[in-house]
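# Overview (structure and organization)
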2 protein chains.
Amino acid sequence: MADAKTVSAVLDALKFDERGLVAAIAQQHDTGEVLMLAWMDRQAVTKTLETGQVHYWSRSRQALWRKGETSGHTQALIEFRIDCDADAVLVRVDQTAVACHTGRRSCFFTTVREGKLEVIG
Amino acid sequence: MADAKTVSAVLDALKFDERGLVAAIAQQHDTGEVLMLAWMDRQAVTKTLETGQVHYWSRSRQALWRKGETSGHTQALIEFRIDCDADAVLVRVDQTAVACHTGRRSCFFTTVREGKLEVIG
């Protein structure tokens, strides 16, 4: 869990967009699987670092959201990375059960294969 | 390389935002490393699928951009995936040399470690 000084350093480093958000990629830390793309505001970044449980900003509900708060499918934070232009983060996580609301492990379950869209996984 | 029908199916499936963009995560196909996050408009998606070379939309230059067109650090498309709400794509690629303009393999080279931001890789 990060202390206040660390949280402050991360918030200072990040470049939040005009909506106050950064893009956040969640990746399973040990397999490398990309699980989902979501968004974080300053509060979601703060809560993620403070608690070690990944939080996002829901654009549809316009609300802070602790991943798994209703489903139980939480994301324990393993590592928090920032990209070169500081407008995207990569959270390396340990995903409980599945990341996608459809019940699939990853949200990226549609692939282009042999000329058509195919659901995998 | 995808034919016109496939490209059309992908463009129909995607939900471009108010700027006409979808977020695109590039991942090295064999190691799982997350290389970068960028954006694609309809033309970038089309060119990526048609040519097998990843293209993006540069928000800063407001222009179509074939990754590696000046650096030579191209991304050969291995697989094209779409997420559950169709506003993000995951391109699994074979990255030539490095993905980041700083010369690092991945753009996500800053990590939060022991209370401070640290450059890795």
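That block above? That's the structure.
Residues numbered from 1 in each chain as written. Chains lettered and ligands numbered in written order. Predicted model: local features only at pLDDT ≥ 70, side-chain atom pairs only at ≥ 80, totals over all residues.

## Topic: the nonpolar core
Membership of the largest hydrophobic core comes to 64 residues, with the highest contact counts inside it found for Ile25(A) and Ile25(B). In contact with Ile25(B), not counting residues within four places along its chain, are Ile25(A), Val34(A), Leu37(A), Val34(B), Leu37(B), Ala88(B) and Leu90(B). (Core = buried A, V, L, I, M, F, W, Y, C linked by C-beta atoms within 7 Å. Buried ≥ 20, exposed ≤ 12 C-beta atoms within 10 Å, placed from the backbone. Contact = placed C-beta atoms within 7 Å.)

## As for the sheet that holds strand β5 (residues 75–82) of chain B
Read from one edge to the other, the open sheet built from six strands follows the order β8(A)-β7(A)-β5(B)-β6(B)-β1(B)-β2(B), with strand pairing classed as mixed. Only two strands of the sheet have a single partner each, and these edge strands are β8 (116–119) of chain A together with β2 (34–40) of chain B. Strand-to-strand twist in this sheet, taken as the mean axis angle between neighbours without regard to direction, amounts to 35°. In terms of strand pairing, strand β1 (residues 22–28) of chain B meets strand β6 (residues 88–95) of chain B through six bridges, oriented parallel. Paired with Ala26(B) across the bridge in β6(B) is Val91(B). Seen against the sheet, helix α1 (residues 4–13) of chain B touches β7 (110–113) and β8 of chain A together with β5 of chain B and runs at an angle of roughly 55° to β8(A). (Pairing = 2+ DSSP bridges. Helix = DSSP H or I, 4+ residues; strand = E, 2+ residues; numbered from the N terminus. Axes fitted to C-alpha atoms, helices over the stretch in contact; angles between N-to-C directions.)

## Description of the packing of α1(B) against helix α2 (residues 42–51) of chain B
Residues and elements named next belong to chain B. Packing of α1 against α2 brings their axes to within 10 Å, and their N-to-C directions diverge by 145°. Here α1 and α2 pass one another in a crossing that is right-handed. Counting all contacts with α1, which are made through Thr6, Val7, Val10 and Leu11, the residues of α2 involved are Arg42, Val45, Thr46, Leu49 and Glu50. (Left-handed = near helix turned anticlockwise from the far one by under 90°.)

## A look at the interface of chain A and chain B
With 34 residues of chain A at the contact, the number on the chain B side is 34 residues. Mapped onto the side of chain A that touches chain B, the elements with two or more residues apiece are α1 (4–13), β1 (22–28), β2 (34–40), β5 (75–82), β6 (88–95), β7 and β8 of chain A. Of the residues forming the side of chain A that touches chain B, the biggest block, five residues, is contributed by α1(A). Across the side of chain A that touches chain B, the residue classes tally to 20 nonpolar, eight polar and six charged. Summarising the sheet, β5(A) and strand β7 (residues 110–113) of chain B pair through two bridges and their orientation is antiparallel. Its bridge partner being in β7(B), Arg81(A) is matched across the sheet by Thr111(B). (Nonpolar A, V, L, I, M, F, W, Y, C, P; charged D, E, K, R; others polar.)

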